[in-house]
Amino acid sequence: MNTRARKRFGQNFLTDPGIIDQIITAINPGPDDHILEIGPGRGALTEQLSRSGCRLTLIEIDRDLVASLQHKYPQDVTIHSQDVLKFDFTLLASSPPIRVVGNLPYNISTPLLFRLFASGTTFRDFTFMLQLEVVKRIVAEPSTSGYGRLSIMSQYFCDPEMLFEVPPTAFTPAPKVNSAIIRLTPRMTRNPTVKNLDVLEHLLITAFSKRRKTVRNAMSSCLSQEELLFLNIDTKARPENLTPAEFIHCANFISTREG
Ligand code: SAM
């Protein structure tokens, strides 16, 4: 399976056996699992996943790689030859809930995470290789530089845990950035609950596009100063100082106000 790596598909193939083992150990696949691998590529992770006896589903955009995978796994693996950003995850609804894994192409990782979170499908967990900088943003706490829309949305839907870093030398071709493995475990209960996700997203985009301004200025198109005071928000703080719960309270207030 040695087609040329295609840059447009973000192809950096894992070639370090030690790192591959470490990732498989972190996933700990078993025969009772249904695992969806996104972007299996040349099968660096697929091989060991399939050997675990799990039910395996693959989504791969590169038709040449799909052909090799179909040749290698003619019967026991379901392969979808398509763009994961257009995939309808509700088609996969199964019992037990699906586990999603992948060494993700970095150019689609953020939109993919948002699609997975909002898909309404019940997943057991996600184990992803992402750019280290993106992993740091996902786990970032309020009042730190990486904190923003990705941290708040990820932490609303999931409990994220950074597992370990992976150097560029683990891949062929080597990417220019460091990577890391993250596990995201969907939350069973959400407190507070978001009334309307679109309203929260709009509020977060508005607030963090002016992250150096005060909350009062950065969010003025969404909430008046009186409304912010009513919601107990420190109007002199910066958006990055507000907790996820404070953003959700603000978004829920807007949803109720707009009926
Ligand atoms: N899992 C392999 C590994 O670890 O060596 C390959 C990882 S490579 C970083 C990303 C893989 O995702 C490639 O196989 C690429 O073709 C595939 N890919 C890129 N964009 C995709 C998309 N939109 N939908 C599905 N697969 C995609």
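Basis of the calculations
Residues numbered from 1 in each chain as written. Predicted model: local features only at pLDDT ≥ 70, side-chain atom pairs only at ≥ 80, totals over all residues. Heavy atoms only, no water. Pairing = 2+ DSSP bridges. Helix = DSSP H or I, 4+ residues; strand = E, 2+ residues; numbered from the N terminus. Right-handed = clockwise from strand over helix to strand, strands pointing away. Near = heavy atom within 4 Å. Polar contact = N/O pair within 3.5 Å; in protein donor to acceptor, adjacent residues only side chain to side chain. Areas by Shrake-Rupley, 256 points an atom, 1.4 Å probe, with all protein chains shown as cover. Nonpolar A, V, L, I, M, F, W, Y, C, P; charged D, E, K, R; others polar. Buried < 20%, exposed > 50% of the residue type's maximum accessible area, 1.4 Å probe, protein only. Contact = heavy atoms within 4.5 Å. Axes fitted to C-alpha atoms, helices over the stretch in contact; angles between N-to-C directions. Parallel < 35°, antiparallel > 145°, perpendicular 65-115°, else oblique. Left-handed = near helix turned anticlockwise from the far one by under 90°. Arc of directions from axis to C-beta.

Asks: Got a minute to help me understand the pairing of strand β4 (residues 77-81) in this structure?
Replies: Regular strands show a simple pattern: their side chains alternate between the two faces of the sheet. Here strand β3 (residues 55-60) runs beside β4; their pairing, made up of five bridges, is parallel. Note on β4: the bridge partner recorded for Ile59 is His80. In the classification by handedness, the crossover that spans β3, the intervening helix α3 (residues 63-72) and the parallel β4 is right-handed.

Asks: In this structure, what is going on with the site of the ligand? I would like to understand it.
Replies: Among the 22 residues in the neighbourhood of the ligand, the closest are listed as Leu14, Gly39, Glu60, Asp83 and Asn103. One of the backbone nitrogen or oxygen atoms of Ile61 is found 3.3 Å away from a nitrogen atom of the ligand. Between Asp83 and the ligand, the recorded distance is 2.8 Å, taken from a side-chain N or O atom to a nitrogen atom. Considered on its own, the ligand offers 600 Å² of accessible surface; in the complex 98% of this is hidden by protein. Classifying every residue of the shell around the ligand by side-chain character gives 11 nonpolar, seven polar and four charged.

Asks: Looking at this model, I keep getting lost on the environment of Val166. Mind explaining?
Replies: Inspection of the secondary structure assignment puts Val166 in strand β7 (residues 158-166). Since its relative accessible area comes to 1%, Val166 is described here as buried. Taking the C-alpha atoms as reference, Val166 lies 42 Å from Asn232; in sequence the two are 66 residues apart. Setting aside its immediate chain neighbours within four residues, Val166 contacts Ile19, Met129, Phe171, Asn178, Ser179, Ala180 and Ile181.

Asks: Even after reading the chapter, I still don't get the packing of helix α4 (residues 109-118) against helix α6 (residues 149-157), so can you show me in this structure?
Replies: Any two packed helices are characterised by how steeply their axes cross, that is the angle between the axes, and by the distance between the axes. Packing of α4 against α6 leaves a shortest axis separation of 11 Å and a crossing angle of 30°. Classed by the angle they form, the pair α4 and α6 counts as roughly parallel. In terms of crossing hand, the pair formed by α4 and α6 is left-handed. Along its contact with α4, which presents Thr110, Leu113, Phe114 and Phe117, the element α6 presents Arg149, Leu150, Met153, Ser154 and Phe157. Class assignment for the residues of the contact of α4 with α6 results in six nonpolar, two polar and one charged.

Asks: I would appreciate a short explanation of α3 in the present structure.
Replies: Because each turn of an α-helix spans 3.6 residues, side chains separated by three or four positions end up pointing in the same direction. Listed in full, the buried residues belonging to α3 are Leu65, Val66 and Leu69. Viewed end-on, α3 has its buried residues packed into an arc of 100°, placing them on one side of the element. Residues of α3 that are exposed and point more than 90 degrees away from the buried face comprise Arg63 and His71. Buried residues belonging to α3 abut β1 (13-14), β3 and β4.

Asks: So what exactly am I meant to see when it comes to the sheet that holds β4 here?
Replies: Remark on secondary structure: sheet strands pair via backbone hydrogen bonds, oriented parallel or antiparallel. Taken together, seven strands build an open sheet; the order of strands is β4-β3-β2-β5-β6-β9-β7 and the sheet is mixed. A strand with exactly one partner marks an edge of an open sheet, and here the two such strands are β4 and β7. For this sheet, the mean angle separating the axes of adjacent strands, direction not counted, is 15°. Contacting β3 and β4, α3 runs over the sheet at an angle of about 165° to β4.

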